[in-house]
Amino acid sequence: MKIVGILKARMVQAALAVGVTVAPVLAHPGSAVAADLKEVNFSEAVHNLGYINLYVGLHAGIFEKNGLKMNVSAAGGDTQTFAAVLGGSADFAIGDATMAVMSREAGGPGVVVGTVVQRAHYFGVSKTLEPITDPKQFKGLTIVTSPEPNTNYSVAKRMLENAGLKIGTDTTILQVSPGTEIAAMLAGQADMAIAYQPGVASAVDQGAKVVFDFSNYVGPFCNTGIMVLPSTVETDPEMVQALVTSFEEASRMTYADPDFAKKVARAEFPDLPGEVVDAAIDAELQYKIPAETVVVQKDQWKNLMDMQIYLGNVKGTVPFDEVIDNSFAEKAVEKVEG
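Residues numbered from 1 in each chain as written. Predicted model: local features only at pLDDT ≥ 70, side-chain atom pairs only at ≥ 80, totals over all residues. Heavy atoms only, no water.

Draft legend 1. Local environment of the sheet that holds strand β10 (residues 220–228). A sheet is described by the order of its strands in space; here five strands give the open sequence β2-β1-β3-β10-β4, paired in mixed fashion. Looking along the sheet, the strands with just one partner apiece sit at the ends: β2 (68–74) and β4 (111–119). Each strand of the sheet is rotated relative to its neighbour by a mean of 25°, with strand direction disregarded. Where β4 lies against β10, six bridges are found, and the strand directions are antiparallel. Residue pairing in the sheet places arginine 119 in a bridge with proline 220 of β10. (Pairing = 2+ DSSP bridges. Helix = DSSP H or I, 4+ residues; strand = E, 2+ residues; numbered from the N terminus. Axes fitted to C-alpha atoms, helices over the stretch in contact; angles between N-to-C directions.)

Draft legend 2. Broad picture of the sheet that holds strand β9 (residues 209–213). Judged by pairing direction, the sheet is mixed, and its five strands sit side by side in the order β7-β6-β8-β5-β9 without closing on themselves. Of all the strands in the sheet, just β7 (172–175) and β9 have a single pairing partner and so form its edges. Direction aside, neighbouring strands of the sheet carry axes that sit 30° apart on average. Note that strand β5 (residues 123–126) and strand β8 (residues 192–195) share three bridges and pair antiparallel. Opposite phenylalanine 123, over in β8, you have alanine 195 as the bridge partner. Seen against the sheet, helix α6 (residues 151–162) touches β6 (142–145), β7, β8 and β9 and runs at an angle of roughly 150° to β6. (Contact = heavy atoms within 4.5 Å.)

And the structure:
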């Protein structure tokens, strides 16, 4: 099925889906709450620690300080989260920003106003394999990812094909529901899971180990963007600015105060051992996976588009300046650095 068809088919699913609402529960020194808040419906692709800057902003009261009451829900994947915006059940979505380009190339709407994850936040995790230094070593393996066109599938597919491996013959990709990759690997269904935090740290705690690092293999990469409709930008630029400014502040706080980020992460994933969550945050910051600034960098965007053009998901006909609106992010930087 074509990607645009998938998006349309999932609009209704996204509108009906019940997500996990995230509420601020921790206080950070210096946080303040605005009196009158604008309610914002916000969709995240999957609840995971790649989005730690979002959770830091929620728990520190940064969004509230900037006048926003955030209603956050997890959509269950990249197509679902952008479909929520297209269908009107969400004002903003974070996920694979390629979705906005797919929509634009099909004659639909979509604009990206910021970066949330600046590198591929995936790691190859295994209980049986030794570290892999060359993608050609994936030959003969079964790896598990989220379904196409989720980003960890796309990144893996391009890597394997660039290594001269034929998927289905030389290497098998098992596609499972987002967030269940680790469980499939631990159950013996695959040699390796390509997954994100905190699942990676949890797997390591259960005897697995990281055998491949996608963040350094891919390099600068707009893994996750903030997507919104152009009509929202036109009708409510104040809300867009408040949201983007909040992300800029939260991203900087994440790196400046890792201890607070760990407290937030423990609150978001209370079912995991605290030391596992702490290790996940250490890895996120070590590999500089969360965005350090919300401004979409051209090298990050080029790496994303080159991959998606190669995979045939987009044609590459939408120029950077037509799908990326950095004006809000640049104002946010000016305000924060002010």
